[in-house]
Amino acid sequence: MNNLDIATGVIIALNVLVSLKGFDDREFFERFKFNVGSIRRGEHIRMFSSGFLHADVTHLLFNMFTLYFFASYVIAPLGTFNFIIIYVASLVFGNLLSLYFNKDTYWYSAIGASGAVTGVLYAAILLDPNMSLYLFFVPIPIPGYIFGIGYLAYSIYGMKNKIGNIGHDAHFGGAVGGYAVTLLLMPSLFKTDLWHVGLLALPIIVLYVLYKTGKLK
């Protein structure tokens, strides 16, 4: 399932080229990164461009390897064009949620394809919930839907407790984008696999309840 589709190759190439430019050109990096203050002043291009910048080579390689591994699980059932829609929608959803939760923190900045990649990952899990995944240093396969729920649960924990220099809200928003758009593109999942559709919605419902009850902060 890991043949490199042309769309995946183009997306990876764009991420590499833009990130390398950002590594060498600080002005370029600052101009196109996600920054709440700049976006609220009207620089909306940052909502998209920031998804192609990375902090360093390790950050870039991790995101691109993850994208390469899971892209085919989305492309096979939905096609290349719909995969691109999911990728772009997840990128934007991730940054929208990040902007929403940080709208009053004008200095808040972020970069990376993690939101888009997480959306592709969650879409892949929704389409193949029983795929076997492995955590680092744990040689026991984990069903994809368990991994997906656990990942978003950790993202909620990270958002609530401000853990690390990680955009947990962008990851979560990206997953919501991937989940929602996949269901729009393949509504038959409500009939063929309603159980996993419901299970994978649980973290999204939990986040909503925590937010509405004021327990997220």
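Not measured: the values here are computed from a predicted model.

S.K.: For this particular structure, what's the right way to read the packing of aromatic side chains?
M.R.: The geometry of an aromatic ring pair is captured by the separation of the ring centres together with the interplanar angle, meaning the angle of the planes. Tallied over the full model, the rule gives 12 aromatic pairs. Taking 6.1 Å as the distance between ring centres and 40° as the angle between the ring planes, the aromatic pair formed by Phe69 and Tyr73 counts as tilted. With Phe69 and Tyr73 both in helix α5 (residues 57-78), this residue pair falls 4 residues apart, about one helical turn. What makes Tyr73 buried here is its relative accessible area of 16%. Among the aromatic residues, those joined into a ring-pair cluster are Phe34, Trp107 and Tyr108. The ring of Phe28 carries Lys21 above its face, with NZ or CZ at 5.7 Å from the centroid. Note that Lys103 overlies the ring of Tyr100, its terminal NZ or CZ placed 4.4 Å from the centroid.

S.K.: Could you clarify how one ought to interpret the side chain of Asp5 in this entry?
M.R.: Inspection of the secondary structure puts Asp5 in the segment before α1 (6-24). At 28 Å, Lys21 is the nearest oppositely charged side chain to Asp5, a buried residue that forms no salt bridge.

S.K.: Just to check I follow, could you spell out a nonpolar patch on the surface for this structure?
M.R.: A contiguous nonpolar surface patch, about 340 Å² in accessible area, is contributed by Leu20, Phe23, Val57 and Leu61. Of all elements in the fold, only α1 and α5 reach the threshold of two or more residues within the nonpolar patch. Mapped onto the elements of the fold, Val57 is located in helix α5.

S.K.: Hey, could you run me through the nonpolar core in this one?
M.R.: The nonpolar side chains of soluble globular proteins are, as a tendency, buried together. Leu67, Phe70, Val74, Phe83, Tyr87, Ile125 and Tyr179 are the most contacted members of the largest nonpolar core, which totals 52 residues. The contact partners of Val74, leaving out residues within four places of it in the chain, are Gly79, Phe83, Ile86, Val120, Ala123, Ala124 and Leu127. Judged by nonpolar contacts, the second largest core, of 6 residues, contains Phe34, Val36, Leu99 and Tyr108.

S.K.: How should α1 be read in this particular structure?
M.R.: Taking 1.5 Å per residue, 19 residues should reach 27 Å; α1 reaches 27 Å between its end C-alpha atoms and fits that length. Looking at the buried residues of α1, the elements they touch are α2 (26-32), α5 and α6 (80-101). At the N-terminal boundary of α1, the capping side chain belongs to Asp5, with an oxygen 2.8 Å from the backbone nitrogen of Ala7.

S.K.: Even after reading the chapter, I still don't get the pattern of salt bridges, so can you show me in this structure?
M.R.: Where charged atoms of side chains with opposite charge meet at close range, the side chains can pair. For the structure shown, the criterion picks out 6 salt bridges. Among the ionic pairs, Asp25 bridges to Lys21, the shortest N-O distance being 3.1 Å. Classification of Asp25 as partly exposed rests on a relative accessible area of 23%. Residue classification places Lys21 among the partly exposed positions, given a relative accessible area of 40%. Taken together, the shared-partner salt bridges in this structure form one network comprising Arg26, Glu30 and Lys33.

S.K.: Mind showing me how you'd approach the side chain of Asn63 here?
M.R.: By the element assignment, Asn63 lies in helix α5. What makes Asn63 buried here is its relative accessible area of 3%. A polar contact of 3.2 Å, which involves the side chain of Asn63, links it to the side chain of His54. Not counting residues up to four positions away in its chain, the partners in contact with Asn63 are His54, Gly112, Ala113, Ser114 and Val117.

S.K.: Would you explain the packing of α1 against α5 in this entry?
M.R.: Any two packed helices are characterised by how steeply their axes cross, that is the angle between the axes, and by the distance between the axes. The N-to-C vectors of α1 and α5 enclose an angle of 170°; their axes lie 10 Å apart at closest approach. Comparing the axis directions of α1 and α5 gives the class roughly antiparallel. For the pair α1 and α5, the sense of crossing is right-handed. On the side of α1, the interface is formed by Thr8, Ile11, Ile12, Asn15, Val16, Ser19 and Phe23, while α5 contributes Val57, Leu60, Met64, Leu67, Tyr68, Ala71 and Ile75. When its residues are assigned to classes, the contact of α1 with α5 shows 11 nonpolar, 3 polar and no charged.

S.K.: Which parts of the structure should I look at to understand the environment of Ile140?
M.R.: With respect to the element layout, Ile140 can be found in strand β4 (residues 138-143). Assessed through its relative accessible area of 55%, Ile140 is described here as exposed. Not counting residues up to four positions away in its chain, the partners in contact with Ile140 are Leu133 and Tyr134.

Rules and cut-offs
Residues numbered from 1 in each chain as written. Predicted model: local features only at pLDDT ≥ 70, side-chain atom pairs only at ≥ 80, totals over all residues. Heavy atoms only, no water. Phe/Tyr/Trp six-rings, centres within 6.5 Å; stacked < 30°, edge-to-face > 60°. Helix = DSSP H or I, 4+ residues; strand = E, 2+ residues; numbered from the N terminus. Buried < 20%, exposed > 50% of the residue type's maximum accessible area, 1.4 Å probe, protein only. Lys NZ or Arg CZ within 6 Å of the ring centre and 35° of its normal. Lys, Arg positive; Asp, Glu negative; His and termini not counted. Salt bridge = Lys/Arg side-chain N within 4 Å of Asp/Glu carboxyl O. Patch = residues over 30% accessible without salt bridge, like charges linked within 9 Å, V, L, I, M, F, W, Y side chains within 5 Å. Areas by Shrake-Rupley, 256 points an atom, 1.4 Å probe, with all protein chains shown as cover. Core = buried A, V, L, I, M, F, W, Y, C linked by side-chain atoms within 4.5 Å. Contact = heavy atoms within 4.5 Å. Expected span 1.5 Å × (residues − 1). Polar contact = N/O pair within 3.5 Å; in protein donor to acceptor, adjacent residues only side chain to side chain. Axes fitted to C-alpha atoms, helices over the stretch in contact; angles between N-to-C directions. Parallel < 35°, antiparallel > 145°, perpendicular 65-115°, else oblique. Left-handed = near helix turned anticlockwise from the far one by under 90°. Nonpolar A, V, L, I, M, F, W, Y, C, P; charged D, E, K, R; others polar.

None of the figures reported here should be taken as evidence of function without further support.
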